[in-house]
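Inside the fold
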Amino acid sequence: MRILVIGGNGMLGHSVVEKLRALGHEVVVGGRHNADVDVDISSPESIREMYEAVPNLDHVISTAGQTTAMPLADMKPEDNDLSVQSKLLGQVNLVLIGQHYLKDNGSFTLTTGVKKDDPIAGGASAAMANGGITAFVKSAAIDLERGLRINSISPNIVEESFEQQKEIFMGFTPVPLSKVSDAFVKSVVGKQTGQEYKIYS
Ligand SMILES: NC(=O)c1ccc[n+]([C@@H]2O[C@H](COP(=O)([O-])OP(=O)(O)OC[C@H]3O[C@@H](n4cnc5c(N)ncnc54)[C@H](OP(=O)(O)O)[C@@H]3O)[C@@H](O)[C@H]2O)c1
């Protein structure tokens, strides 16, 4: 299968790329820097150019998308825009545009995160994006045509990221990165659609 992993140079994405390549799949990495194909998911035009540059895709995975982390009391509408334009609409637009490019029976796998279910201070903007993606995936699954599937992965903080973020995730028990990347593989190679895989323990 030919699989595009947007964010494939990052912590989660790199692990997913390695697993898919080990299974013999052809993987193309997307991102803004040092990627096989340049894309900024916050720009619909950039997404269109990416799909034109990488034809004959079976599956698309997104482990990309930025969010704002700051106290709600300080947050202004414009501070929230990053989460909306990048993690929320960026991933939604990968599907809205990509549905016309993927081969029959392909799939989309998007990324959310534990903050929507287990709130942390300063996490409201990320939680908003995560919740929006979850709802979109559930509904989009019944509308997608040509056998296209869609799922989302909601990881807890992973062990490999915990040291850097332990102050804000104090009291959380991190999960192995490998367990999270397994869920992405399951979404791609399996047959399920409209699912949310929560990897919280
Ligand atoms: N790490 C964790 O423990 C954890 C836990 C729960 C949820 N998550 C979620 O999982 C996702 C990935 O996390 P991560 O830790 O792997 O982050 P990361 O290491 O920062 O990787 C993110 C990747 O996405 C790319 N990217 C970011 N913004 C982009 C954009 N606008 N367009 C295209 N590519 C973009 C980055 O590459 P460029 O900068 O080159 O574009 C980078 O390769 C995030 O949504 C995060 O909230 C992570």
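Residues numbered from 1 in each chain as written. Predicted model: local features only at pLDDT ≥ 70, side-chain atom pairs only at ≥ 80, totals over all residues. Heavy atoms only, no water.

**Remarks on the pairing of strand β6 (residues 149-155)**
The line we're drawing: Exposed residues in this analysis have more than 50% of their type's maximum accessible area, buried residues have under 20%, and partly exposed residues fall in between, with area computed by a 1.4 Å probe over protein chains only. Numbering of helices and strands runs from the N terminus; a helix is a DSSP stretch of H or I covering at least four residues, while a strand is a stretch of E covering at least two. Here, any two strands with at least 2 DSSP bridges between them count as paired. Viewed with both strands pointing away, a crossover whose connecting path from the first strand over the helix to the second turns clockwise is right-handed.
The buried fraction of β6 is high, at seven of seven residues. Neither face of β6 is exposed, since Arg-149, Asn-151, Ile-153 and Pro-155 on one face and Ile-150, Ser-152 and Ser-154 on the opposite face are all buried. Sheet topology places strand β5 (residues 107-111) next to β6; five bridges connect them, and they run parallel. Residue pairing across strands places Ser-107 opposite Arg-149, the latter belonging to β6. In this region the chain leaves β5, passes through helix α4 (residues 124-143) and returns to the parallel neighbour β6; the handedness of that crossover is right-handed. Across five bridges, the pairing between β6 and strand β7 (residues 195-199) is parallel. In the sheet register, Pro-155 faces β7, and the bridge partner there is Ile-199.

**As for the sheet that holds β6**
Applied cut-off: Should any heavy atoms of two residues lie within 4.5 Å, those residues are counted as being in contact. Lines fitted to the C-alpha atoms define the axes, with helices restricted to the stretch that makes contact. Angles between their N-to-C directions range from 0 to 180 degrees.
A sheet is described by the order of its strands in space; here seven strands give the open sequence β3-β2-β1-β4-β5-β6-β7, paired in parallel fashion. Every other strand in the sheet has two partners, leaving β3 (37-38) and β7 as the edge strands with one partner each. For strand β1 (residues 2-6) and strand β4 (residues 59-62), the ladder comprises four bridges, and the chain directions are parallel. Each bridged residue has a counterpart across the sheet, and for Val-5 the counterpart in β4 is Ile-61. Against the sheet, helix α1 (residues 11-22) makes contact with β1, β2 (26-31), β4, β5 and β6, and its axis sits at roughly 165 degrees relative to β2, the strand it touches most.

**Considering the pattern of salt bridges**
Where charged atoms of side chains with opposite charge meet at close range, the side chains can pair. Convention followed: Salt bridges are counted wherever a side-chain nitrogen of Lys or Arg sits within 4 Å of a carboxyl oxygen of Asp or Glu.
In the structure shown here, the tally under the stated rule is ten salt bridges. For Lys-103, the salt bridge goes to Asp-58, with nearest N and O atoms at 3.7 Å. One end of the pair, Lys-103, is in the loop between α3 (77-98) and β5; the other, Asp-58, is in the loop between α2 (44-53) and β4, and 45 residues separate them in sequence. Here Asp-58 falls in the buried class, since its relative accessible area comes to 10%. Ionic pairing is found between Glu-163 and Lys-166, a salt bridge with its closest N-O pair at 2.8 Å. Since its relative accessible area comes to 33%, Lys-166 is described here as partly exposed. A cluster of three or more residues bridged by salt bridges with shared partners is formed by Lys-116, Asp-117, Glu-196 and Lys-198.

**Focus: helix α6 (residues 177-189)**
Residues three or four positions apart in an α-helix share a direction because the helix packs 3.6 residues into each turn. Rules: To estimate the expected span of a helix, count its residues, drop one, and scale the result by 1.5 Å.
The terminal C-alpha atoms of α6 lie 19 Å apart, and with 13 residues this matches the ideal 18 Å at 1.5 Å per residue to within 8%. Of the positions making up α6, those classed as buried are Leu-177, Val-180, Ser-181, Ala-183, Phe-184, Val-185, Ser-187 and Val-188.

**What to know about the nonpolar core**
Applied cut-off: Only buried residues count toward a nonpolar core, which is a set of Ala, Val, Leu, Ile, Met, Phe, Trp, Tyr and Cys residues joined through side-chain atoms within 4.5 Å.
In this structure, Ile-6, Met-50, Tyr-51 and Ile-150 are the most contacted members of the largest nonpolar core, which totals 30 residues. For this core, the elements supplying multiple residues, two or more each, are β1, α2, α3, β5 and α4. The leading source of residues in this core is α4, at six residues. Listed in part, the 21 residues of the second largest apolar core include Ile-61, Val-175, Leu-177 and Val-185.

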